[in-house]
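# Structural characterization, general
Next come the chains, spelled out residue by residue.
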Amino acid sequence: MKSRGSVTGPLVLILVGVVFLVHAITPDFRLADLLAHYWPYALIIWGAIALVEVVIRFLGNGPIPKNGVSGGGWALVIFIAIIGSSAFEFQRPDNWIRQIGFQSGMEAFGQEHEYPVQNIAKTVSAEPVIIIEDFRGDAKIIGAEGSNFSLTGQKVIRSFDAKDADKANSQTPVEVVTQGNTVTIRCHQDRIDSRSSVTTNLDISVPKGSRIEASGSHGTIDVSAIGGDVQFAGGNSSDIKLEDIGGSVKLETQGADSIRCDNVKGAVELHGRGSDVDLENIAGQVTIGGNFTGTVSLRALAKPVHLESMRTQLDARQVPGYFRLERGSVDAKNLIGPLKLTAHSTDITLDGFTEALDLDVDRGDVELRPEHSAMGRIAVHTHSGDIDLAVPSAAHFALSANTENGDIDNQFGDGLKESSEGRGAKLEGSVGSGPDVNLVTQHGSITVKKSSGDV
Amino acid sequence: MNSRVALFAQAIRGPVLLITVGILFAIHQAGVLPFYRTWPLLLIVVGVMKLIERLYVPQSPQGGPKL
């Protein structure tokens, strides 16, 4: 109404002001996260304020506005809803925007010119340190018997005219410098002054006992049959492929499209950001930390593994079978515990695991099949999701299952006592004397049954 | 008096709708029920509000607020 405007607008304005003020004063206050999570409540509060205002005017015989929320108000609501829900989607680490990635604009323009790289062959020691300084392109490194080093390759230069390309070629020679036991390969791609981009592709053969330290981007790194340690620090869009490595592997990536390690004798350490990770036949410890948005697949790991990626955390003593983390699901078979697994919005299937299990999920269904009748302690907690436990029929355990909102389906049979409590249910009881099995869900049903075909 | 109630009913339609939208999105983000499965509730709320308004509209054709 014209005479006395609505108080809702000013109140909303004050609220927004306070939120931004708090954000400005305390840097720890994470405004974006807050907005992403709580914008629906802002709408509710706004609606409540407008409602109270109309009610007060109605009761107080004041003028009633034609609309509780004006047309402009609705526009703002739609704006908030779009921003809020896209912020909510965006702050989930596996969203589509981050998967597209932004390539440097240069790639798309100009013409490609190819130049050969002069062959370089040297005799080095049997166990040299090979260093490849920050380069852009593919590198294929193969270990061979003896103490020979050889390098071949080719350069792809993208530029608008051939003269620029020639100049860029002469500015970026590939150099191999030997200093004591260290062989350094330099591509000098940062030397070009024209608007060209140089991609150097290298084919390198090194002694089997070499140790590799490389850093690069925009290409495939393929290392195989190397007896020493391998270190790689990668920039954008790199694919990393390591096979038959005798030492340990340390990778740091800014945005690797794929990382694959097969048959590594030492430890594997992986940090940074990337997409798919695939580790197989690793004899040493495995440590993964960072954000890997694709599929993380672990197979045949002989030593303890610690994984932290995409708000999922795993600790296991051994993975003789496999562990597969995908967007929204974890699927694992044949793990050796003690196991600790924490995840968000993820359905979890664990088929065959031994020893103790600690499992915490905020949202997701859980399906568990302990392997042997000699089970370990199991503690499962999910905020919203169903829990399905299939225990070996000969197992001994003390069960305590609890759902606050949902049913319990006892297919295990005698020995377990079911009781309902409000909207939830409980299932308790002991079979022989065994470890504690605790299953808790706030919203969801719990099924306990005997696993079939177990020994 | 009745037309005043009708005006009131019309005025609270916006806020009630806003609160409903807020609740549905809160439920969506909590992961309980996605918004694409709950949005018809908005139609129901609008319908109910309109019905209430109509109940209180004065019978003469020109008197009441336009719906």
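Rules used in this analysis
- Residues numbered from 1 in each chain as written.
- Chains lettered and ligands numbered in written order.
- Predicted model: local features only at pLDDT ≥ 70, side-chain atom pairs only at ≥ 80, totals over all residues.
- Helix = DSSP H or I, 4+ residues; strand = E, 2+ residues; numbered from the N terminus.
- Buried ≥ 20, exposed ≤ 12 C-beta atoms within 10 Å, placed from the backbone.
- Contact = placed C-beta atoms within 7 Å.
- Nonpolar A, V, L, I, M, F, W, Y, C, P; charged D, E, K, R; others polar.
- Pairing = 2+ DSSP bridges.
- Arc of directions from axis to C-beta.
- pLDDT = per-residue confidence, 0-100.

Now for the overall build of chain A. The helix and strand tally for chain A stands at five helices and 30 strands. A burial count over chain A gives 33% of its 455 residues as buried. Taking the intrachain contacts of chain A between residues at least 6 apart in sequence as the baseline, contacts between residues at least 24 apart amount to 44%.

On to the overall build of chain B. For chain B, the helix and strand inventory stands at three helices and zero strands. Counting over 67 residues, chain B shows a buried share of 31%. When contacts within chain B are restricted to residue pairs at least 6 apart in sequence, those whose partners lie at least 24 apart make up 60%.

Here we take up the environment of Arg311 of chain A. Counting through the fold element by element, Arg311 of chain A comes out in the loop between strand E15 (305-309) and strand E16 (312-316). The spatial distance from the C-alpha of Arg311 of chain A to the C-alpha of Thr342 of chain A is 7.9 Å, given a sequence separation of 31 residues.

With that settled, the discussion passes to the interface of chain B and chain A. Chain B puts 18 residues into the contact, and the matching count from chain A is 24 residues. Counted by class, the side of chain B that touches chain A contains 13 nonpolar, four polar and one charged residues.

For the rest of this paragraph, the subject is the pairing of strand E14 (residues 296-301) of chain A. All names here are of chain A. Sheet topology note: the strand E12 (residues 268-282)/E14 ladder contains five bridges and is parallel. Along E14, the bridge assignment pairs Leu279 with Leu298. Two strands pair when backbone bridges link them, and E14 and strand E17 (residues 319-326) are joined in this way by five bridges, in the antiparallel orientation. Paired with Leu298 across the strands is Phe323, a residue of E17.

Turning next to helix H5 (residues 162-171) of chain A. All names here are of chain A. Residues Asp164, Ala165, Ala168 and Asn169 constitute the buried set of H5. Taken end-on, H5 shows its buried residues confined to a sector of 140°, consistent with a single buried face. More than 90 degrees from the buried face of H5, the exposed residues found are Lys163 and Ser170. Next to the buried residues of H5 lie strand E1 (111-123), strand E4 (148-159) and strand E7 (197-207).

Next up on the list: unusual backbone geometry. All names here are of chain A. Of note, the amide linkage connecting Gly337 to Pro338 takes the cis form, showing an omega dihedral of 5°. Position of Pro338 relative to the elements: it lies in the loop between strand E18 (329-336) and strand E19 (339-343). With a phi close to 55°, His188 is a non-glycine residue in the positive phi region. In this structure, His188 sits in the loop between strand E6 (182-186) and E7. Overall, the presence of 15 C-beta atoms within 10 Å leaves His188 in the partly exposed class.

A separate point is the environment of Val391 of chain A. Residue and element names in this part refer to chain A. Within the secondary structure layout, Val391 lies in strand E24 (residues 387-392). Measuring from C-alpha to C-alpha, the distance between Val391 and Met375 comes to 8.6 Å, with 16 residues separating the pair along the chain. When residues no more than four places from it in sequence are discounted, the contact partners of Val391 are Pro370, Met375, Phe397, Phe412, Lys450 and Ser451.

Residue and element names in this part refer to chain A. On average, residues of chain A carry a pLDDT of 84, and 91% of them reach 70 or more. The least confident element of chain A is helix H4 (residues 96-100), whose mean pLDDT is 43; the most confident is E14, at 93. Low confidence marks residues 93-108, where pLDDT is under 50. Its contacts with residues over four positions away, or in another chain, come to 16 contacts.

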